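# Coordinate inspection notes
Take a look at the letters that make up each chain.
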Amino acid sequence: MVRGIAYLFISRDIGVVAHIADRIAVMYRGAIVEEGPVEAVLAPPYHPYTQALLSAVPLLGQRGRVGVRLRLLGDVSTPAPARGCRFAHRCPARLGPVCEEEAPPMRPAAPGHAIACHRPMEELARAPHALLAAG
Ligand code: SF4
């Protein structure tokens, strides 16, 4: 029976979120950087921050992490650029000035799935699948 109820569950552990949610919104410094159904967010293309989160989840790692652990640049105290992508100061996939000067728009990755990144969607799609990469 459909009851019309929605729950908002907030966690830093994307593995836990994936177990209980229908949709995931990945946020970095208060902005949504990727949003979509769980099965879409757990499959390429990924936002680089989503990929880093997935590569750090031990539970998913048992079945296959997203390739090698994706390490972020700097640390949490590294200041974000005044404008541009909020993740640019930590993004290992940073393209250069465009990332530091222009905020990336949310772009469709698939129906109902969107990613905010300047990298071409085809490039983001080349990341290994979080759940299918055999561990
Ligand atoms: S827009 Fe640039 S800095 Fe931001 S996530 Fe994409 S590649 Fe990384």
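Just above sits the structure.
Residues numbered from 1 in each chain as written. Predicted model: local features only at pLDDT ≥ 70, side-chain atom pairs only at ≥ 80, totals over all residues. Heavy atoms only, no water.

### Notes on the site of the ligand
Around the ligand, the neighbouring residues are H47, P48, C85, F87, A88, C91, A93, C99, P104, C117, H118 and R119. Among the cavities detected, the one that contains the ligand is the largest cavity. (Near = heavy atom within 4 Å. 1 Å grid on protein atoms, 1.4 Å probe; cavity = no way out; pocket = protein on both sides within 12 Å on 5 of 7 lines; lining within 4 Å. Sits in = over half its atoms within 2 Å of the grid points.)

### Looking at the sheet that holds strand β3 (residues 106–110)
One open sheet holds the 4 strands; their spatial order is β1-β2-β4-β3, and the pairing between them is antiparallel. If you trace the sheet from one side to the other, it starts and ends with β1 (23–28) and β3, each paired once. On average, each strand axis in the sheet is inclined to that of its neighbour by 25°, with strand direction left out of account. Running at roughly 105° to β1, helix α3 (residues 48–55) makes contact with β1 and β2 (31–37) of the sheet. (Pairing = 2+ DSSP bridges. Helix = DSSP H or I, 4+ residues; strand = E, 2+ residues; numbered from the N terminus. Axes fitted to C-alpha atoms, helices over the stretch in contact; angles between N-to-C directions. Contact = heavy atoms within 4.5 Å.)

### Some thoughts on the packing of aromatic side chains
Evaluated as defined, the whole model comprises 3 aromatic pairs. When the ring of Y28 is compared with that of Y49, the centres are 4.9 Å apart and the planes differ by 70°; the resulting orientation is edge-to-face. Remark: Y49 occurs in helix α3 and Y28 occurs in strand β1; sequence separation between them is 21 residues. By the ring-pair criterion, three or more aromatic residues cluster together here, those being Y28, Y49 and F87. (Phe/Tyr/Trp six-rings, centres within 6.5 Å; stacked < 30°, edge-to-face > 60°.)

### With respect to unusual backbone geometry
At the junction of P44 and P45, the peptide bond is cis and its omega measures out at 5° in the coordinates. Position of P45 relative to the elements: it lies in the loop between α2 (38–41) and α3.

### Focus: the pattern of salt bridges
Taken as a whole and judged by the stated rule, the model has 3 salt bridges. The residue E100 makes a salt bridge to R94 at a minimum N-O spacing of 3.5 Å. Overall, the relative accessible area of 34% leaves R94 in the partly exposed class. With a shortest N-O distance of 2.4 Å, E123 and R119 are connected by a salt bridge. (Salt bridge = Lys/Arg side-chain N within 4 Å of Asp/Glu carboxyl O. Buried < 20%, exposed > 50% of the residue type's maximum accessible area, 1.4 Å probe, protein only.)

### Concerning empty space enclosed by the protein
The tally for this structure, following the rule as stated, stands at 1 cavity of 30 Å³ or more. Estimates place the volume of the largest cavity at around 70 Å³. Taken together, the residues of the lining of the largest cavity break down into 8 nonpolar, 2 polar and 1 charged. (Points joined across faces, edges and corners; volume = space filled by probe spheres on them. Nonpolar A, V, L, I, M, F, W, Y, C, P; charged D, E, K, R; others polar.)

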